[in-house]
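Structural overview
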Amino acid sequence: MGEAGLSEAILRQHHGPYPATQKDNRHDCPIDGIFVTDGVRVCAGGYLDFEQYFPSNHRALWIDIHLPSMLGVVKTSKSSFAPRRLTSTDGRSAYI
């Protein structure tokens, strides 16, 4: 993955020892990961317990990403437009 410019987001945040991410893994090393490019800023990340929210023999992984680093933009405030008066020269139009 490194050749593709990707790194594992959770391992980038923490410095071992890492838990096994699959129940039958006897080596206490993760086999699952979330890979991101180096430009994406990961604020936090981690592993949930086995079967904490759903039945699985794998841990759930999560990361919190700084959105502007991922999307490349900062959300600006909403523009406001003044309403315009609608005029019509068609005499068949009806006003309610």
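Heads up: these notes are all about the structure in this document. (Residues numbered from 1 in each chain as written. Predicted model: local features only at pLDDT ≥ 70, side-chain atom pairs only at ≥ 80, totals over all residues. Heavy atoms only, no water.)

1. Details of empty space enclosed by the protein
Inspection of every chain in the model, using the stated rule, returns one cavity of 30 Å³ or more. Here the largest cavity defines a volume of roughly 40 Å³. Around the largest cavity sit Leu48, Asp49, Glu51, Gln52, Tyr53, Phe54, His58, Arg59 and Ala60, which together line it. Split by residue class, the lining of the largest cavity holds four nonpolar, two polar and three charged. (1 Å grid on protein atoms, 1.4 Å probe; cavity = no way out; pocket = protein on both sides within 12 Å on 5 of 7 lines; lining within 4 Å. Points joined across faces, edges and corners; volume = space filled by probe spheres on them. Nonpolar A, V, L, I, M, F, W, Y, C, P; charged D, E, K, R; others polar.)

2. Focus: the environment of Ser7
If you trace the backbone, Ser7 turns up in strand 1 (residues 6–8). A relative accessible area of 18% places Ser7 in the buried class. Sequence separation between Ser7 and Gly33 is 26 residues, and the spatial gap between their C-alpha atoms is 9.3 Å. Residue contacts for Ser7: discarding those within four places in its chain leaves Arg12, Ile34, Phe35, Val36 and Asp38. (Helix = DSSP H or I, 4+ residues; strand = E, 2+ residues; numbered from the N terminus. Buried < 20%, exposed > 50% of the residue type's maximum accessible area, 1.4 Å probe, protein only. Contact = heavy atoms within 4.5 Å.)

3. Topic: unusual backbone geometry
Its identity is not glycine, yet Glu51 carries a phi of approximately 55°, on the positive side. Mapped onto the elements of the fold, Glu51 is located in the loop between strand 3 (42–47) and strand 4 (61–65).

4. With respect to the packing of aromatic side chains
Each aromatic ring pair is specified by the distance between its two centres and by the angle formed by the two planes. This model, assessed by the stated rule, comprises zero aromatic pairs. The aromatic ring of Phe50 is capped on one face by Arg59, whose charged end is 4.3 Å from the ring centroid. (Phe/Tyr/Trp six-rings, centres within 6.5 Å; stacked < 30°, edge-to-face > 60°. Lys NZ or Arg CZ within 6 Å of the ring centre and 35° of its normal.)

5. Here's the deal with the side chain of Asn25
When you line up the elements, Asn25 lands in the loop between helix 1 (9–13) and strand 2 (35–37). A relative accessible area of 13% places Asn25 in the buried class. Setting aside residues up to four positions removed in sequence, Asn25 forms contacts with Ala20 and Ile31.

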